[in-house]
Amino acid sequence: AQSVTQPDIHITVSEGASLELRCNYSYGATPYLFWYVQSPGQGLQLLLKYFSGDTLVQGIKGFEAEFKRSQSSFNLRKPSVHWSDAAEYFCAAYKAAGNKLTFGGGTRVLVKP
Amino acid sequence: EPEVTQTPSHQVTQMGQEVILRCVPISNHLYFYWYRQILGQKVEFLVSFYNNEISEKSEIFDDQFSVERPDGSNFTLKIRSTKLEDSAMYFCATATDMNTEAFFGQGTRLTVV
């Protein structure tokens, strides 16, 4: 069955430190991959996406993600976090010609001053 | 920036009552989706809708649920007779076509008492 896994439920990071959120997928073929962020009381905002091509993708708010086919991973990174990055982050995927997203369980990021 | 708008933001209803959740898609989007997120759980796909008919639905989307786009503008999710376990955040998402990213609304928090 198709699935997306985010191994870390919570991550606490100090402001200014780097952040990496893990995402693994299980699909028959490489799916389309996404990272969404949900701030408290807000909807799901798209940070970045991977469809094909360059395996390092840049997104909004200084985030980037790297697709690694060999590891079935699509990890999200940010070199220096800001207090405003405290939120829940969701990795999601769908197979081509569908747009039915399968979400990971989410990772809640807390930012310490 | 265009956005998906959902109303109401929060609805409390008694068990057994009917509720209608509303979504105004981004104007040139043709594909519409409903997802839900039960508190503490993953975001789950409910249904996709294109060309005035359901394209795909999940096991969750049983006979109690229905969707329509009655006036060519609003996209609605109706739950005929709500159950306690229907309490969740319901997200509407829309896309220009089936192979692009979906844009999510802010969500409607449904509380069934």
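Values in this document were obtained by computation on a predicted structure and should not be read as measured data. Residue indices follow the written sequence of each chain, beginning from 1 at its first position. Chains carry letters and ligands carry numbers; both start at the beginning, A for chains and 1 for ligands, and go up in the order they are written. Local features in this predicted model are restricted to residues of pLDDT 70 or higher, and side-chain atom pairs are both shown and tallied only at a pLDDT of 80 or more, whereas totals for entire chains, interfaces and linings draw on every residue. Note that the side-chain values use all heavy atoms of the structure and ignore hydrogens as well as water.

Participant: Please explain the side chain of Ser73 of chain A as it appears in this structure.
Facilitator: All names here are of chain A. Relative to the assigned elements, Ser73 resides in strand E9 (residues 73–78). Using a relative accessible area of 3% as the deciding quantity, one classes Ser73 as buried. Residue contacts are counted whenever heavy atoms from the two residues lie within 4.5 Å of one another. Residues contacting Ser73, with those up to four places away along its chain left out, are Cys23, Asn24, Tyr25, Glu66, Phe67 and Lys68. Numbering of helices and strands runs from the N terminus, with a helix taken as a DSSP run of H or I at least four residues long and a strand as a DSSP run of E at least two residues long. Partly exposed residues are those whose accessible area sits between 20% and 50% of the maximum for their type, while under 20% is buried and over 50% is exposed, using a 1.4 Å probe and protein chains only.

Participant: Is there a simple way to explain the pattern of salt bridges in this structure?
Facilitator: It is possible for side chains of opposite charge to pair when their charged atoms get near one another. Basic side-chain nitrogens of Lys or Arg form a salt bridge, by our definition, when they fall within 4 Å of a carboxyl oxygen of Asp or Glu. Scanning the model with the defined rule gives 8 salt bridges over all chains in all. Across the pair Lys78 of chain A and Asp85 of chain A runs a salt bridge, and its minimum N-O distance is 2.8 Å. Accessibility expressed as a relative area gives 11% for Lys78 of chain A, which makes it buried. Its relative accessible area of 3% is what places Asp85 of chain A among the buried residues. Here Lys100 of chain A and Glu56 of chain B are joined by a salt bridge, their closest N and O atoms 3.4 Å apart. Placement of Lys100 of chain A in the loop between strand E10 (87–94) and strand E11 (102–103) and of Glu56 of chain B in strand E6 (residues 53–57) is noted, with the two residues assigned to different chains. Judged by its relative accessible area of 33%, Glu56 of chain B falls in the partly exposed class. Each of Glu64, Glu66 and Arg77 of chain A takes part in one network of salt bridges that share partners.

Participant: It is not clear to me how the interface of chain B and chain A should be interpreted in this structure. Could you clarify?
Facilitator: Frequently, the measure chosen for interface size is the accessible area that the parts lose on association. In this complex, chain B contributes 18 residues to the contact, which on the side of chain A involves 22 residues. In total, chain B and chain A occlude about 1,700 Å² of area from one another, counting both sides; carbon and sulfur atoms represent 52% of this. Summed over both partners, the accessible area (1.4 Å probe) lost when two parts come together is defined as the buried area. On the chain B side of the contact with chain A, Asn99, Glu101 and Phe104 of chain B bury the most area, a combined 29% of that side's loss. On inspection of chain B and its partner chain A, the count reaches 2 salt bridges. Polar contacts, as used here, are pairs of N or O atoms within 3.5 Å; protein pairs need one atom able to donate a hydrogen and one able to accept it. Residues neighboring in sequence count only if both atoms are side-chain atoms. Linking chain B to chain A there are 7 residue pairs in polar contact (both at pLDDT 80 or more). Those elements that place two or more of their residues in the side of chain B that touches chain A are strand E4 (31–37), strand E5 (43–50) and strand E9 (88–95) of chain B. Looking at which element gives the most residues to the side of chain B that touches chain A, the answer is E4 of chain B, with 3 residues.

Participant: Sorry, what's going on with the environment of Arg80 of chain B here?
Facilitator: All names here are of chain B. With respect to the secondary-structure elements, Arg80 resides in the loop between strand E8 (75–79) and E9. You can call Arg80 partly exposed: its relative accessible area is 38%. If we skip the residues at most four places from it in the chain, Arg80 touches Gly16, Gln17, Glu18, Asp63, Gln64, Phe65 and Ser66. A polar atom in the side chain of Arg80 sits 2.5 Å from the backbone oxygen of Asp63.

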